[in-house]
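Observations on chain architecture
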Amino acid sequence: MQVESLHLSPIEKELKFNDWRKNNNIKLFLLDLDDTLCDTQSVFFNQISKACDYLATHSPPLPKSAWEKQIRNFNDQFFETYGVNPNRWNLVVDSLSSKYLLPSEVDSHVKEIFQNIYTTPLEFKAGAKESLNFFKATDTPLAIVTHANKDWTWRKYNWLGLNQYLNWDSVFIVDENGHKTADSWQSALDYFKTKASECAVVGDSPRSDINPASSLGINHCFLIKNSNSWSIHEQPVPSQTIIINNLSEIATVIKK
């Protein structure tokens, strides 16, 4: 369900939002992290572009677009098997090396480019910090359900200063070697000692966030529609899903 936001004053937004939470008995907002709160996708795309630039000048004579297609295809393939484990990028490069007989120094450098993804400080998505401040002003309990390893999640938590909004104990980490499924979201509900009917979920992935959460009976799901979403995450979503452009729209798009 695509909705248009209304122009409300800050206090009107807070009052409307708190009334909505009370009327729907929403006791906890579960937030995805990557590409919901922080802009992870642009870092991935930037490093893929750097790898392709390098390969186009240090390897068999393929244009940048051809290298990008190969990398995305191998990445999608290994995502299915290895989830978001950073090691999948090494497997992507190993596959390229095997197919195109890359020199060892090229292989090593491309792997280094991809591993730099995990040491590059991330920034908030548009509207995310504004929305976190809004949640804080309305005393809305928050938690994060993320699909990344503990070390990288801890870096993001610190880069973004998320301690201003929630404790580290309010971050639930799904196994990086698997996928965010209904079982993952149920484990998060169990961890936070809450019921599906008392939660709202915000995420950018139909596959990993909205659909598994909805299947558990979480009826208030907000899908952030990113313009360049990974194709492997695209699926139809339940009709009651509220589609927004960024997190800050939640305050104005909610109904009774």
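What follows covers the overall build of the protein. When helices and strands are tallied, the protein shows 10 helices and 6 strands. In terms of C-alpha radius of gyration, the protein reaches 20 Å, essentially the compact-globule figure of 18 Å for 256 residues. Dimensions of the protein, computed from the C-alpha atoms along their principal axes, are close to 60 × 35 × 35 Å. When each of the 256 residues of the protein is scored for burial, the buried share is 52%.

Scanning the model with the defined rule gives 9 salt bridges in all. R207 is the partner of E80 in a salt bridge, and the nearest nitrogen-oxygen pair spans 2.9 Å. Residue E80 is found in helix α3 (residues 64-82), and its partner R207 is found in helix α9 (residues 206-215); the two are separated by 127 residues along the sequence. Note that K180 is salt-bridged to D209, the shortest N-O span being 2.7 Å. Linking K180 in the loop between β3 (171-173) and α8 (182-191) with D209 in helix α9, this pair joins segments that are 29 residues apart in sequence. Judged by relative accessible area, D209 falls into the buried class, the value being 1%. Three or more residues joined by partner-sharing salt bridges are found here, namely D32, K180 and D209.

Their axes nearest at 10 Å, the elements helix α1 (residues 10-24) and helix α6 (residues 128-137) cross at an angle of 65 degrees. Taken together, the axes of α1 and α6 are roughly perpendicular relative to one another. For the pair α1 and α6, the crossing hand works out as right-handed. Where α1 approaches α6, its residues K13, E14 and F17 are matched on the opposing element by F134, F135 and A137.

Attention now moves to the environment of L247. If you trace the backbone, L247 turns up in the loop between β6 (242-244) and α10 (250-253). Spatially, the C-alpha atom of L247 lies 8.6 Å from that of F222, the residues being 25 residues apart in sequence. Ignoring anything within four residues of it in the chain, the contact list for L247 reads L37, A126, G127, A128, S131, F135, V202 and I224.

It is worth spelling out the side chain of D209 at this point. Polar contacts involving the side chain of D209 include one to the side chain of K180, which spans 2.7 Å. A distance of 3.2 Å separates a polar atom in the side chain of D209 from the backbone nitrogen of D204.

Conventions adopted
Residues numbered from 1 in each chain as written. Predicted model: local features only at pLDDT ≥ 70, side-chain atom pairs only at ≥ 80, totals over all residues. Heavy atoms only, no water. Helix = DSSP H or I, 4+ residues; strand = E, 2+ residues; numbered from the N terminus. Rg over C-alpha atoms; globule rule 2.2 N^0.38 Å. Buried < 20%, exposed > 50% of the residue type's maximum accessible area, 1.4 Å probe, protein only. Salt bridge = Lys/Arg side-chain N within 4 Å of Asp/Glu carboxyl O. Axes fitted to C-alpha atoms, helices over the stretch in contact; angles between N-to-C directions. Parallel < 35°, antiparallel > 145°, perpendicular 65-115°, else oblique. Left-handed = near helix turned anticlockwise from the far one by under 90°. Contact = heavy atoms within 4.5 Å. Polar contact = N/O pair within 3.5 Å; in protein donor to acceptor, adjacent residues only side chain to side chain.

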